[in-house]
Amino acid sequence: MAGAATLESMTEHNTLTAESARAAVAEQMPWLQQALRDLVAFRSVHSTPGLEEDNAAAARWVTEAFRAEGVPVEPHTTTDGSVSVIGVREAAEGWPTVLLYSHYDVQPASDVDNWTSSPWELTERDGRWYGRGAADCKGHVVMHLAVLRAVNALLDSGDLDDDTATALSSIGIRVVVEGSEERGGYGLEDLLSSNPELFAADTFLIADSGNDALGVPAVCTALRGTAPVTVRLQTLEQPMHSGQFGGAAPDALLSLIHLLATLHDDGLVAVDGLSSEAHWEGRGPDEATFRADAGVLEGVDVLGTAQGLNPNDLTISRPAITVTGLDSLSVADAVNAVVSAAGAEVSLRIPPGMDPKQGQDALVRHLESHVPHNARISIERGSLASPFSADTSGPALTLLSQALADAYGADETAEIGSGGSIPLSNALLEKYPSAELALFGIEEPSCRIHSADESVDPGEIAAIGTAELLFLARSGRLPRR
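Along each chain, the written sequence defines residue order, and numbers are assigned to residues from 1. Where totals are concerned, whole chains, interfaces and linings use all residues; where local detail is concerned, this predicted model gives features only for residues with pLDDT of at least 70, and gives and counts side-chain atom pairs only at 80 or more. For side-chain calculations, the full set of non-hydrogen atoms in the structure is used, while hydrogens and water are omitted.

Comments concerning the overall build of the protein
Here is the rule: By definition, any uninterrupted DSSP run of H or I lasting at least four residues is a helix, any uninterrupted run of E lasting at least two residues is a strand, and each is numbered from the N terminus. The globule rule is 2.2 Å times the number of residues to the power 0.38, and the radius of gyration it is compared with is taken over C-alpha atoms. Each residue's exposure class comes from its accessible area (1.4 Å probe, protein chains only) as a fraction of the maximum for that residue type: buried when under 20%, exposed when over 50%, partly exposed otherwise. Here, two residues are considered to be in contact whenever any of their heavy atoms come within 4.5 Å of each other. Note that accessible areas follow from Shrake-Rupley with a 1.4 Å probe, and for residues the cover is restricted to the protein chains shown. In this tally Asp and Glu are treated as negative and Lys and Arg as positive; neither His nor the chain ends contributes. A charge is said to be at NZ when it belongs to Lys, at CZ for Arg, at CG for Asp and at CD for Glu.
When helices and strands are tallied, the protein shows 15 helices and 21 strands. Against the globule reference of 23 Å for 481 residues, the protein gives a C-alpha radius of gyration of 24 Å, in line with a compact fold. For the protein, the C-alpha atoms occupy an extent of roughly 85 × 45 × 45 Å along the three principal directions. Looking at the 481 residues of the protein, the share that counts as buried comes to 53%. Here the analysis covers contacts within the protein between residues at least 6 apart in sequence; of these, 81% occur between residues at least 24 apart. Just so you have it, the protein exposes about 20,700 Å², and 48% of that area is on carbon and sulfur atoms. Mean positive and mean negative side-chain charge positions of the protein (29 and 69 charges, respectively) differ by 3 Å.

Here it is, written out as structure tokens:
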């Protein structure tokens with residue numbers, strides 16, 4: 001982050017105080033909670049048969065909500081069949097434009113028995129709001145909306161000084177709300193490629209990240225890319241009676257398990273071409289904190305500790321391979337038969353500095369060369385996403401860093417990394433290389449995104465919203481176009 005003198009020079013004439021901004025956002029919190037309740041109710045899991053109307057209804061809700069706050073958005077059907085909601089409130093002459101990004105699609109909640117309450121009903125417990133998408137990323141959608149409502153209320157009040165009123169009414173606001181981020185997001189990237197003018201901005205605020213710890217402001221400076229594959233093995237024409245044929249007939253599931261086990265050695269990736277000695281030099285949890293954040297059971301090892309590695313060495317700086325899905329008979333449906341075919345979804349995360357295509361090639365070579373019993377193998381390559389490294393030296397990132405610190409009442413804003421992927425980040429900067437891009441948000445470790453009982457702390461929403469409001473109010477300090 002920029003030094004204190006630079007930050008002070010950018011905000012010394014600030015006229016909307018952090019206290020006033022917090023109050024303006026606080027006034028919107030009852031509305032925000034109801035809006036999040038409405039949005040969580042849509043089962044907007046992209047490309048899932050039977051949920052088409054939920055996705056369409058969520059897109060309509062987002063469209064109407066941003067129009068109501070003065071941003072003339074339009075729905076855009078993308079190449080993957082999803083709907084992205086995009087529009088702009090044009091900047092006054094000479095003023096910059098800020099793009100506010102989030103997504104309304106969510107991960108499935110098929111493990112409904114593991115939820116304490118319905119994933120599709122926002123429920124408050126112990127000061128947190130529970131529901132699928134409460135944090136990732138519908139909470140960010142309504143956060144952006146609440147900030148725009150606060151802006152409009154401040155302008156209508158007539159209580160602002162001229163400089164702040166001019167900034168809030170002059171800065172351009174572009175909105176992009178995606179409908180398929182959780183399933184790859186290539187539809188939005190295709191739209192960016194074909195219609196880049198829909199994304200034109202001087203600063204991209206990507207609200208789909210979070211803080212390392214509750215109440216500690218942060219910007220994310222590193223993301224891993226992705227290079228997944230789906231691998232399938234077949235050994236028999238059809239399942240055969242395990243008493244008559246078991247022992248000699250090759251079991252496809254056991255073969256797949258053996259194959260998957262070759263991907264790691266003592267918990268670390270063991271694929272030629274994916275080895276790494278990199279270490280994460282930034283802020284991150286120690287083993288005890290990581291164990292608590294991840295919910296690692298007592299007596300179970302945190303991977304890498306035996307080799308003297310810190311958790312973020314493996315979650316940010318090195319490749320990671322995870323089996324995220326397995327196709328075979330369930331235990332409940334087990335029959336006395338040798339399994340003839342089995343498949344697995346293998347997620348490969350690519351750290352900054354590594355090419356995702358080369359990483360995927362290495363994974364495919366490994367799988368093909370380690371097939372047990374000459375089982376028939378087929379591999380389907382998933383969509384690639386490049387890793388991301390942020391440049392935090394520009395004026396917009398400096399201004400956002402100070403706004404975050406002020407919103408949280410902290411001395412500084414931390415720089416953190418994330419093992420997740422947001423493919424859009426690199427694509428935006430390739431089209432607009434002179435722009436700045438910031439990753440931040442409400443998703444601290446307790447949110448349990450992508451898991452049962454996903455939740456959000458409303459205090460984090462309020463703080464991140466306050467920071468975004470302060471950033472917009474201070475936009476007069478940003479370079480003019």
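Side note on the packing of helix H3 (residues 29–40) against helix H5 (residues 138–157)
The description of two helices packed together rests on the angle between their axes and the distance between the axes. Counted only if it meets this: Only the stretch in contact is used when a helix axis is fitted, and all axes are lines through C-alpha atoms; the angle between N-to-C directions ranges over 0 to 180 degrees. Crossings are sorted by hand: turned counterclockwise from the far helix by less than a right angle, the near helix makes the crossing left-handed, and turned clockwise it makes it right-handed. Gly counts as polar in this scheme, as do all residues outside two lists: the nonpolar Ala, Val, Leu, Ile, Met, Phe, Trp, Tyr, Cys and Pro, and the charged Asp, Glu, Lys and Arg.
Following both chains from N to C, one finds H3 and H5 inclined at 145°, their axes separated by 9 Å at the closest point. By crossing handedness, the relation of H3 to H5 is classed as right-handed. For the pair formed by H3 and H5, the contact residues are Trp31, Leu32, Ala35, Leu36, Leu39 and Val40 on the first element and Lys138, Gly139, Val141, Val142, Met143, Leu145, Ala146 and Arg149 on the second. When grouped by side-chain class, the residues that make up the contact of H3 with H5 number 11 nonpolar, one polar and two charged.

Regarding helix H9 (residues 252–261)
We apply this condition: Think of the arc as the fan of directions from the helix axis to the C-beta atoms. Side-chain atoms alone can form a polar contact between residues adjacent in sequence; in general such a contact is a pair of N or O atoms within 3.5 Å, and within protein one must be able to donate a hydrogen while the other accepts it.
Considered for burial, the residues of H9 that qualify are Ala252, Ser255, Leu256, Leu259 and Leu260. Burial along H9 is one-sided: seen end-on, the buried residues are contained in an arc of 135°. Looking at H9, the residues exposed on the side facing more than 90 degrees away from the buried face are Leu254 and Ala261. Buried-residue contacts for H9 involve strand S10 (229–234), strand S14 (320–327), strand S16 (341–350), helix H12 (356–369) and strand S17 (376–381). Capping the start of H9 is the job of one residue whose side-chain oxygen sits 2.8 Å from the backbone nitrogen of leucine 253: aspartate 251.

A word on the pairing of strand S7 (residues 203–207)
Put simply, the rule reads: When DSSP locates at least two bridges between a pair of strands, those strands are taken to pair.
For S7, a buried count of five out of five residues is recorded, marking the element as mostly surrounded by other parts of the structure. Residues Thr203, Leu205 and Ala207 point to one face of S7 and Phe204 and Ile206 to the other, with burial holding for every one of them. As defined by bridge partners, strand S3 (residues 97–103) adjoins S7 across four bridges and the pair is classed as parallel. Following the sheet pairing, valine 98 is matched in S7 by threonine 203.

Here's the deal with the pattern of salt bridges
Quick reminder of the rule: What counts as a salt bridge is simple: a side-chain nitrogen of Lys or Arg found within 4 Å of a carboxyl oxygen of Asp or Glu.
Inspection of every chain in the model, using the stated rule, returns 13 salt bridges. With its nearest N and O atoms 3.8 Å apart, the salt bridge here joins arginine 232 to glutamate 380. With a gap of 148 residues between them, arginine 232 in strand S10 and glutamate 380 in strand S17 connect regions that are remote in the sequence.

Focus: the packing of aromatic side chains
Stated precisely, the cut-off is as follows: Ring pairs shown here join Phe, Tyr and Trp side chains whose ring centres sit within 6.5 Å, with only the six-membered ring taken for Trp; geometry is labelled stacked below 30 degrees between planes, edge-to-face above 60, and tilted in between. When the NZ atom of lysine or the CZ atom of arginine is within 6 Å of a ring's centre and also within 35 degrees of its normal, the charge is said to sit over that ring.
In this structure the tally under the stated criterion is one aromatic pair. Seen from their ring centres, phenylalanine 204 and tyrosine 432 are 6.2 Å apart, and the 55° between their planes marks the pair as tilted. Taken together, the positions of phenylalanine 204 in strand S7 and tyrosine 432 in the loop between helix H14 (424–431) and strand S20 (436–440) put the pair 228 residues apart, joining distant regions of the chain. Cation over ring: arginine 125 sits above tyrosine 130, and NZ or CZ is 3.8 Å from the ring centre.

What to know about the state of the cysteines
In plain terms, the rule: Disulfides are defined in this document as cysteine sulfur pairs within 2.5 Å.
Per the stated rule, a full pass over the model turns up zero disulfides. No disulfide involves cysteine 137; its sulfur sits 11 Å from the nearest other cysteine sulfur, which is in cysteine 447.

So, the environment of glutamate 277
Turning to its location among the elements, glutamate 277 is positioned in the loop between strand S13 (268–269) and helix H10 (287–294). Sequence separation between glutamate 277 and leucine 309 is 32 residues; the distance between their C-alpha atoms is 10.0 Å.

Comments concerning the environment of alanine 341
By the secondary structure assignment, alanine 341 is in strand S16. We classify alanine 341 as partly exposed; its relative accessible area is 38%. When the C-alpha positions of alanine 341 and proline 311 are compared, they lie 35 Å apart, and in sequence the two are 30 residues distant. Excluding residues that lie within four positions of it along the chain, alanine 341 makes contacts with Leu233, Gln234 and Ala252.

Brief notes about the nonpolar core
The cut-off we apply is this: Among buried residues, those of type Ala, Val, Leu, Ile, Met, Phe, Trp, Tyr and Cys that are joined through side-chain atoms within 4.5 Å constitute a nonpolar core.
Membership of the largest hydrophobic core comes to 75 residues, with the highest contact counts inside it found for Trp61, Val62, Phe66, Leu469, Phe471 and Leu472. For this core, the element with the highest residue contribution is H5, accounting for 10 residues. Non-local contacts of tryptophan 61, meaning those with residues more than four positions away in its chain, are made with Ala35, Asp38, Leu39, Phe42, Val142 and Leu145. With 26 residues, the next largest nonpolar core counts Leu198, Phe199, Ala435 and Leu437 among its residues.

Side note on unusual backbone geometry
Cis geometry marks the peptide bond from aspartate 136 to cysteine 137; its omega dihedral reads 5°. Unlike most non-glycine residues, histidine 373 shows phi in positive territory, near 60°. Along the chain, histidine 373 falls in the loop between H12 and S17. Even without being a glycine, histidine 450 presents a positive backbone phi close to 70°. Looking at the element boundaries, histidine 450 is found in the loop between S20 and strand S21 (455–456).

Regarding the packing of helix H4 (residues 52–68) against H5
Let me state the cut-off plainly: When describing relative orientation, an angle under 35 degrees is termed roughly parallel and one over 145 degrees roughly antiparallel, while 65 to 115 degrees is termed roughly perpendicular and anything else oblique.
For the pair H4 and H5, the least separation of the axes is 10 Å and the interaxial angle reads 15°. Between H4 and H5, the crossing angle belongs to the class labelled roughly parallel. For the pair H4 and H5, the crossing hand works out as left-handed. Facing H4, whose interface residues are Trp61, Val62, Ala65 and Phe66, H5 presents Val141, Val142, His144, Leu145 and Leu148. When grouped by side-chain class, the residues that make up the contact of H4 with H5 number eight nonpolar, one polar and no charged.

By themselves, these figures tell us nothing about what the structure is for.
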